[in-house]
Amino acid sequence: MSPLLFLHRLAKVLTALLFLFEAGGAAAWTSADISQVEVRVELNEEGQARVQTDARFVVNGGRFHGFDIAELSNAKLSPDECTATTDDGASYAVKLRNLRDGRTRIHLARKQSIKSGGVTFRIVHRVDMVEKGALRRRGDGVRLDWAPIVWDKGLEWMKVTVVLPPGESPPTITPDPKISKDYVITIDGAVVEFLKHRAPRWYEMQVALDTDSSRFASLAASPAPARDEGPLSGVEAAVSGVETSRASPPLWASVAPALGLLFGLLALILKHAHIHGISRQCGVCLGFAFLRNTSFGVRVALTLAAFALAFAAQFSQSIAASVPPLVAGSALWLVRRYRPAGGSKATGAWRRLGSEEESSLLRLARAYRAKRASFFDITSARGALGLGLFVLAPSVAALTVYRPWPFIGASLFVSALIPAVAVWLHAWDAELPQDLMMEQLLAFGRRRGDLCKLAGQLAPTARAELWIREGACEPVELRVRIAPLPKDVHRLEIAGEPSRCGSLQRMHLTAVIGLEPGSKLARQLAQSPLVCEHHLTPDLSEEVVVLRNRRGHRPNLAPLTSALAPLWR
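What you see is a predicted model, and the numbers here were worked out from it, not measured in a lab. (Residues numbered from 1 in each chain as written. Predicted model: local features only at pLDDT ≥ 70, side-chain atom pairs only at ≥ 80, totals over all residues. Heavy atoms only, no water.)

### Digging into the packing of aromatic side chains
Item 1. All told, the structure shown has eight aromatic pairs when counted by the stated rule.
Item 2. Note on Phe-57 and Phe-64: the rings are 5.2 Å apart at their centroids and 35 degrees apart in plane angle, and the pair reads as tilted. Considered together, Phe-57 and Phe-64 belong to a single accessibility category, that of buried residues.
Item 3. An aromatic cluster is defined as three or more aromatic residues linked by ring pairs; in this entry it consists of Phe-57, Phe-64, Phe-67, Phe-121 and Trp-151. (Phe/Tyr/Trp six-rings, centres within 6.5 Å; stacked < 30°, edge-to-face > 60°. Buried < 20%, exposed > 50% of the residue type's maximum accessible area, 1.4 Å probe, protein only.)

The structure is reproduced here in structure tokens:
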């Protein structure tokens with residue numbers, strides 16, 4: 001394959017991957033960390049709350065567009081109040097998009113992005129605390145037990161500010177000492193601040209406080225519970241009042257993309273062994289397209305290093321950043337043909353094959369046919385099935401983990417798809433060459449009975465003999481010669497001529513007949529519709545008529561037998 005054609009195919013593959021895996025949040029080549037979160041909860045007398053969440057991200061590189069949040073239970077987002085502001089005061093509009101799995105994608109409108117510095121996203125949603133069960137009567141007062149959005153990254157600090165409804169006198173506020181023991185609490189009238197320094201990953205910042213019921217009309221009118229139910233525990237609050245994001249994936253799910261990469265490397269190695277085995281048998285000079293003189297062990301080590309870099313990029317939440325090392329590691333196993341250096345192209349003399357040599361070649365041809373009919377040959381039904389199975393297995397695994405962990409599922413699919421392109425869809429006509437001699441031998445073997453019948457029609461003692469001619473660099477050539485022949489016929493040979501059909505070569509049988517110049521038999525054969533060549537030899541001692549069967553995709557002697565009927569009349 002020429003370098004320009006290879007680059008053209010590679011560009012098409014990369015373009016398809018770019019459109020397939022373009023994401024609206026946490027886009028390619030992005031390094032952004034969340035550092036601070038401030039939540040302000042404003043309650044009214046009916047127990048309904050306006051929750052404002054200010055999340056500050058620090059962009060270290062790439063183009064930061066936004067992020068995803070999990071589904072908020074019993075809450076409604078307010079798109080008009082959601083904004084984004086950079087540290088230097090620039091303001092951006094924010095767009096919300098609901099995903100199929102319930103998540104909400106929050107990103108900058110009009111495909112804008114932040115390249116560096118800090119940006120604060122403001123998310124506003126409204127929730128009925130009474131209906132949610134986070135605000136209820138407790139004894140003679142009211143209990144608020146609630147937690148904001150849980151983040152999948154560690155924070156420098158997180159603050160939750162609770163603003164109670166206004167009243168005639170300052171309210172009595174009592175934070176739960178068990179739940180709030182790690183917080184810095186500040187109370188200023190009807191405003192309570194809970195501050196947590198160095199909040200860890202997946203931290204549920206539960207806030208719990210007791211206050212008088214006179215500030216909540218709907219709860220004050222309802223009867224008090226028969227007994228004091230006591231404070232809610234942290235676990236109960238996490239179930240009933242926390243708006244949580246996705247759970248942390250287990251170890252087997254986290255390493256699933258790495259298993260997909262090892263699966264792809266195994267397929268690349270098996271394909272390498274297959275194509276080099278059949279190429280040596282066909283006498284084709286085949287080598288790697290890149291780093292041709294690199295040893296097998298070093299090539300495996302370089303591929304493992306590239307795949308490890310891809311897995312590290314996926315682990316850092318960037319699928320597109322893993323595509324270049326995946327493509328580079330898979331490209332190390334792409335092959336191409338090379339012309340032999342020097343050597344004469346002069347062909348040798350024809351010689352007859354003995355019975356033992358003919359049997360040996362037939363066994364070799366059967367082995368060649370078995371190698372070509374492999375799961376790696378995309379041009380065959382078995383190869384298409386092999387590609388389907390190779391893509392199906394990782395796809396099922398990716399769909400299994402996509403629902404709870406979409407990023408891991410997409411990473412697993414990408415890790416298996418790119419090696420599949422290198423294994424099956426790269427220049428299969430160059431990777432799986434066809435041996436002209438073997439194809440001719442198989443064609444003659446399938447028509448051996450017809451050839452013997454044709455020889456018997458010419459003369460009772462005629463036989464079909466297999467002759468071979470070998471070249472210094474070119475593939476060998478086979479022909480079937482029929483002898484002895486009638487007086488006016490100098491020679492009758494059946495040759496197999498390949499014709500190109502897509503990436504494959506199909507074999508058609510051709511009859512080469514040498515006749516006495518100007519004979520009646522030559523004139524009769526020249527009238528056949530199968531004639532493709534008719535000429536005299538340079539020394540004018542022989543008139544050559546070539547009959548070719550152009551119809552059908554399989555070698556068939558029936559048309560040639562009918563055209564040769566004048567020979568035995």
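### What about the pattern of salt bridges?
Between side chains of opposite charge, pairing is possible as soon as their charged atoms come close.
Item 1. The full count for this structure, using the stated rule, is 17 salt bridges.
Item 2. Measuring nitrogen to oxygen at the nearest pair gives 3.1 Å for the salt bridge that ties Arg-463 to Glu-465.
Item 3. Taking relative accessible area as the criterion, Arg-463 reaches 48% and is therefore assigned partly exposed.
Item 4. Beyond isolated ion pairs, a larger network of salt bridges with shared partners links Arg-479, Arg-481, Arg-491, Glu-493 and Glu-542. (Salt bridge = Lys/Arg side-chain N within 4 Å of Asp/Glu carboxyl O.)

### Quick word on the sheet that holds strand E12 (residues 174–175)
Item 1. On the basis of which strands lie adjacent, the open sheet formed by four strands has the order E9-E10-E15-E12 and antiparallel pairing. The open sheet has two edge strands with one neighbour each: strand E9 (135–138) and E12. (Pairing = 2+ DSSP bridges. Helix = DSSP H or I, 4+ residues; strand = E, 2+ residues; numbered from the N terminus.)

### Observations regarding the side chain of Asp-145
Item 1. Position of Asp-145 among the secondary structure elements: in strand E10 (residues 141–146).
Item 2. One buried charged side chain, Asp-145, makes no salt bridge at all; its nearest oppositely charged neighbour is Arg-143, positioned 4.1 Å away.
Item 3. Within the local environment of Asp-145, its side chain forms a polar contact with the side chain of Gln-206, the two groups lying 2.6 Å apart. (Lys, Arg positive; Asp, Glu negative; His and termini not counted. Polar contact = N/O pair within 3.5 Å; in protein donor to acceptor, adjacent residues only side chain to side chain.)

### Examining the confidence of the model for the chain
Atomic detail in the predicted coordinates should be set aside for any region of low pLDDT.
Item 1. Residues at a pLDDT of 70 or more form 76% of the chain, whose mean pLDDT is 76.
Item 2. Considering only residues more than four positions removed or in separate chains, one finds that residues 16–29, a stretch of pLDDT under 50, has 27 contacts.
Item 3. Here residues 226–248 scores under 50 on pLDDT; set against residues more than four positions off or in separate chains, the count is 52 contacts. (pLDDT = per-residue confidence, 0-100. Contact = heavy atoms within 4.5 Å.)

### Looking at a nonpolar patch on the surface
Item 1. On the surface, Val-255, Leu-259, Leu-262 and Leu-304 cluster together into a nonpolar patch covering about 340 Å² of accessible area.
Item 2. Its location among the elements puts Leu-304 in helix H7 (residues 296–315). (Patch = residues over 30% accessible without salt bridge, like charges linked within 9 Å, V, L, I, M, F, W, Y side chains within 5 Å. Areas by Shrake-Rupley, 256 points an atom, 1.4 Å probe, with all protein chains shown as cover.)

### Brief notes about empty space enclosed by the protein
Item 1. In total, this model carries two cavities of 30 Å³ or more according to the counting rule given.
Item 2. Here the largest cavity defines a volume of roughly 60 Å³.
Item 3. Around the largest cavity sit ten residues that line it, and Leu-268, Lys-271, His-272, Ile-275 and Trp-333 are the ones nearest its centre.
Item 4. Elements that contribute at least two residues to the lining of the largest cavity include exactly helix H6 (256–282) and helix H11 (406–424).
Item 5. If one sorts the elements of the lining of the largest cavity by residue count, H6 sits on top with four residues.
Item 6. Looking at the lining of the largest cavity residue by residue, the classes come out as seven nonpolar, one polar and two charged.
Item 7. Taken as a whole, the second largest cavity encloses approximately 30 Å³ of empty space.
Item 8. Lining the second largest cavity are Ile-149, Trp-151, Lys-153, Leu-155, Met-158, Ala-199, Pro-200 and Tyr-203.
Item 9. Here the residues of the lining of the second largest cavity are counted per class, giving seven nonpolar, no polar and one charged. (1 Å grid on protein atoms, 1.4 Å probe; cavity = no way out; pocket = protein on both sides within 12 Å on 5 of 7 lines; lining within 4 Å. Points joined across faces, edges and corners; volume = space filled by probe spheres on them. Nonpolar A, V, L, I, M, F, W, Y, C, P; charged D, E, K, R; others polar.)

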